[in-house]
Every structure is written in structure tokens, then in C-alpha cells.
Amino acid sequence: MTASSQEPAAPPVSGPRLRAALDGIPAYSPGRPAGQEPGSFKLSSNENPYPPLPGVLETAVAAMSSLNRYPDMSAAALFEALAEHFAVPAGHLALGTGSVGIAQQLIQATAGPGDEVIYAWRSFEAYPIITQISGATSVRVPLTATEEHDLPAMADAITDRTRLIFVCTPNNPTGRAIRRAGLTAFLDRVPADVLVVLDEAYREFVRDEQVPDGLELYRERPNVCVLRTFSKAYGLAGMRVGFAVAHEPVAAALRKTAVPFGVSQAAQNAAIASLRAEDALLARVDALVAERGRVAARLAEQGWTVPESQANFVWLRLGEDTSAFAAACEAAGVTVRPFAGEGVRVTVGETEANDIVLRVAGEFRAARGNV
Ligand SMILES: Cc1ncc(COP(=O)(O)O)c(C=O)c1O
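Here the structure is a predicted model, which is why all the values come from computation and not from measurement.

## Brief notes about the overall build of the protein
Right, so step 1: Looking only at helices and strands, the protein features 12 helices and 12 strands.
Right, so step 2: Computed over the C-alpha atoms, the radius of gyration of the protein is 22 Å, within 12% of the 21 Å expected from 2.2 N^0.38 for a compact globule of 371 residues.
Right, so step 3: Based on the C-alpha atoms only, the size of the protein along its principal axes is roughly 80 × 50 × 45 Å.
Right, so step 4: Of the roughly 17,100 Å² of accessible surface on the protein, a fraction of 55% belongs to carbon and sulfur atoms.

Here it is in C-alpha cells:
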């Protein structure tokens, strides 16, 4: 008998061993695409309805002629442009494949099994996914009845295991943004060794002057990191480029955890060109903000409760009518974003698309009474 034949039989192999932390992770569900029929619209992903800003397409196409080359891994030109635009040191910047990529890097850099990540709920649906991937534990703090972050409760939830706190302002999907007094009172309660990530993906749409620019807060607090993206106001969702502003050593940790060459040269150049087209950007954002006001006002006239949105979408808490409302929109040619049993998020898009939603919303109320 050989030595090996005396060993206990190995359990049957069913495939590569995967980390148990991945079990039960909810799949990220992207907004449904627009229908196939002409005149169908997609209001399900908070995208910008406008085409790329002037000069952006040309620079992106030009970058394609060097597709055989890797992008500039140090993103020197984009960092220089961002540093100048936002008046921050280039060393405080980090780039990622969208701001969701950076959010994931931030968790990788701070939390693992046994650690806790706090965020409001409902909020951006990537937070639970990227937290679970890391093996850390999600601590979800329910929104208030007015669809806002419950910051005192979030501060109460901090323990000695807390490593990172996401603060999403304006909040996806409710649109509510956090005002200065509440946010600074909260930050004052967070221990210096806990990272607070101010996720400002929709910052450019904010018009409430009492809502602070996260960069103000980052400047005076080493444990605050600001996340921004080119995907929303800048209209580059397809390019996958976002950035963080954070003090050393957080910015350095982000550079360590980045996927090498993750942001293409076309994306880097498109981002620079978008920063340069600021006048056109501001005009488009103003138009979307005006349209947001029109949509919210009409919905309110119809009798809906619409939380004041500072982003490029509105939130309707439809509860058990959520799926029926989303289906009615889809039947009328517009896909929206339902969160089953909770509510529907509707991106402010093309006027024609917004008008369809308003018509459906009016009919829905008329048919169902007080929803
Ligand atoms: C709050 C929030 N943060 C981050 C993102 C990610 O955006 P991106 O990865 O395209 O930069 C989104 C996208 O929907 C979002 O709503």
C-alpha cells in the first residue's frame, strides 16, 4: 500500500473555492434600457440627456488613434487640470473607474472582516455590495421620514469597529441633500481615525446654498474624502471616470489600490475637455435644474409628495404601487428605476420624456386615488 492511498479521500471537488463573503451578494441592477420603439426614453440611470460637451468627442476620438498604447498611468494632465479647477494639491487627487470604483478602493483600503461600514439606507445601491465583497459588515441607518440621512443616528451607530462612513449628498435615490449645520455637527462626532466619504456624485445640481461643498469640509478635516464623478453633470457615464479628493495618506492608499491603467486615455482626455467646457456645462446643468423644478412642481400639483431634490432625479415613495407605476411608465415608453416595495426614482431627462412621466403620474393618481 502506498503512503498516498492511506490518506483520507479528498472531498469531491465542485469547482474553484470562492470566498464565503461573496455568498448572497445582491447583484447590482442597472437601470433598464429604453424600449426598442422609436420615441422610447431611459430615465432609469440618472444619466445626462445631453450629448458630450463641445470638443469632448473630438478629443476622445483622437485618443483612439493610440489604442495600441497604455494610458498615462499617472494621469498627469488630468490631475493638473483637476488640481487647478478645484484648487487642491495634485497629491490629494485619485482617479478611478467611475466614482464607484473609487468607493470600492476606499473600502479595500480601510475595512475587512470584523470591521464595520456605516451608510444611510436607502442610498446608493453599490454600498452594500462593495462592503460585502470586502468581508466587512454593513451597518445601515434608516432614512428619516423626510427621506434624509439621520445623521444623529449614524453618529450613534459608530463603534470601535467602524472604519468608513458613506454620506451620500444629494442622496441617491431620494434626492435630499445635507445642510451645513447638520453635516458639521455630525463630522464633529466622528472619531479622527474613521474615514468619512462624502459621495457628491450629483454636486453640480445642488442649488440650496445651505448645502456645503464637500471640498470646504475636506480642507479642514483629514478624515474626510470627497467623491466626484464625470458621469452625471458632465455627461461622461460611458467613459468611466471619477475622482476623489483626500488628504495623504488616504489619497496615497487610493493610488495603491487602483487597478493599473484603469482609466483609459480617451476617458482622461474627455474629462480634461469637459472641465474646459465649463460654460456649456453650467448652461446644461441650469436647464436640467429648471426642468427638475418643473417636474417636481407638476407632480406636487397632482398631489404627489415629492422630497425636495437637489439632484437630477426625483423620488416617489410608492410603496406597494412601485412596480405598477414603473410598468405604466414603461408601457408609455419611459423606463424608470423601481425599488420594489419602496419607490420609484425618475431621472430628469429630455423634456418629452419628462412630459410622458408627468402624464402617466397624473393618470396613475386619478386611477388609484391617494397613492
Ligand atoms: C451616489 C452615487 N455615487 C456614485 C455613483 C457612481 O457613479 P460613477 O461610477 O459612474 O462615477 C452613482 C451612480 O449612480 C451614484 O448615484
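## So, the pairing of strand S3 (residues 116–121)
Right, so step 1: A large share of S3 lies buried, amounting to 6 of its 6 residues.
Right, so step 2: Relative to strand S4 (residues 137–142), S3 runs parallel, the two being bridged by 6 bridges. Its bridge partner lying in S4, Ala-120 is registered against Val-141.
Right, so step 3: Read from S3 through helix H4 (residues 126–134) to S4, the crossover connection turns out right-handed.

## Points about the pattern of salt bridges
Right, so step 1: This model, assessed by the stated rule, comprises 22 salt bridges.
Right, so step 2: In this structure, Asp-213 and Arg-228 form a salt bridge, with 2.8 Å as the shortest nitrogen-oxygen distance. Pair noted here: Asp-213 is in the loop between strand S6 (195–199) and helix H7 (214–220) and Arg-228 is in strand S7 (residues 224–229), with a separation of 15 residues, a long-range link.
Right, so step 3: Classification of Arg-228 as buried rests on a relative accessible area of 4%.
Right, so step 4: Among the ionic pairs, Arg-368 bridges to Asp-321, the shortest N-O distance being 2.7 Å. Of this pair, Arg-368 sits in helix H12 (residues 351–368) while Asp-321 sits in the loop between strand S9 (313–316) and helix H11 (322–331), placing them 47 residues apart in sequence.

## Considerations on the UniProt feature "modified residue: N6-(pyridoxal phosphate)lysine" (unreviewed entry) in the protein
Right, so step 1: Within this numbering scheme, the UniProt entry marks Lys-232 as carrying the feature "modified residue: N6-(pyridoxal phosphate)lysine" (unreviewed entry).
Right, so step 2: Note on placement: Lys-232 falls in the loop between S7 and strand S8 (242–245).
Right, so step 3: With near-sequence residues (within four places) excluded, Lys-232 lies in contact with Ser-45, Asn-46, Asn-48, Ala-201, Tyr-202 and Phe-205.

## Regarding the nonpolar core
Right, so step 1: Membership of the largest hydrophobic core comes to 60 residues, with the highest contact counts inside it found for Leu-82, Leu-95, Ile-165, Leu-183, Phe-186 and Phe-230.
Right, so step 2: Take this core: its biggest share by element is 6 residues, from helix H9 (residues 265–276).
Right, so step 3: Not counting the four nearest positions on each side in its chain, Leu-95 is found in contact with Ala-75, Leu-78, Phe-79, Leu-82, Ile-102, Gln-105, Val-241, Gly-242, Phe-243, Val-263 and Gln-268.
Right, so step 4: The next biggest cluster of nonpolar side chains, apart from the first, holds 25 residues, and it includes Ala-103, Leu-106, Tyr-119 and Ile-130.

## What to know about the packing of aromatic side chains
Right, so step 1: All told, the structure shown has 13 aromatic pairs when counted by the stated rule.
Right, so step 2: Where Phe-124 meets Tyr-127, the ring centres are 5.5 Å apart and the plane angle is 85°; that geometry is what we call edge-to-face. Of the two residues, Phe-124 and Tyr-127, both sit in the buried class.
Right, so step 3: Ring geometry for Phe-230 against Phe-243: centres 5.7 Å apart, planes inclined by 45°, an arrangement best described as tilted. Of this pair, Phe-230 sits in the loop between S7 and S8 while Phe-243 sits in strand S8, and the two are 13 residues apart along the sequence. The exposure classification of Phe-230 matches that of Phe-243, with both residues buried.
Right, so step 4: One aromatic cluster is present, built from ring pairs that chain together Tyr-28, Tyr-119, Trp-121, Phe-124, Tyr-127 and Phe-166.
Right, so step 5: Positioned above the aromatic ring of Trp-304, the side-chain terminus of Arg-365 is 5.1 Å from the ring centre.

What counts, and where the lines are drawn
Residues numbered from 1 in each chain as written. Predicted model: local features only at pLDDT ≥ 70, side-chain atom pairs only at ≥ 80, totals over all residues. Heavy atoms only, no water. Helix = DSSP H or I, 4+ residues; strand = E, 2+ residues; numbered from the N terminus. Rg over C-alpha atoms; globule rule 2.2 N^0.38 Å. Areas by Shrake-Rupley, 256 points an atom, 1.4 Å probe, with all protein chains shown as cover. Buried < 20%, exposed > 50% of the residue type's maximum accessible area, 1.4 Å probe, protein only. Pairing = 2+ DSSP bridges. Right-handed = clockwise from strand over helix to strand, strands pointing away. Salt bridge = Lys/Arg side-chain N within 4 Å of Asp/Glu carboxyl O. UniProt positions renumbered as here; feature names shortened; annotations may be inferred. Contact = heavy atoms within 4.5 Å. Core = buried A, V, L, I, M, F, W, Y, C linked by side-chain atoms within 4.5 Å. Phe/Tyr/Trp six-rings, centres within 6.5 Å; stacked < 30°, edge-to-face > 60°. Lys NZ or Arg CZ within 6 Å of the ring centre and 35° of its normal.

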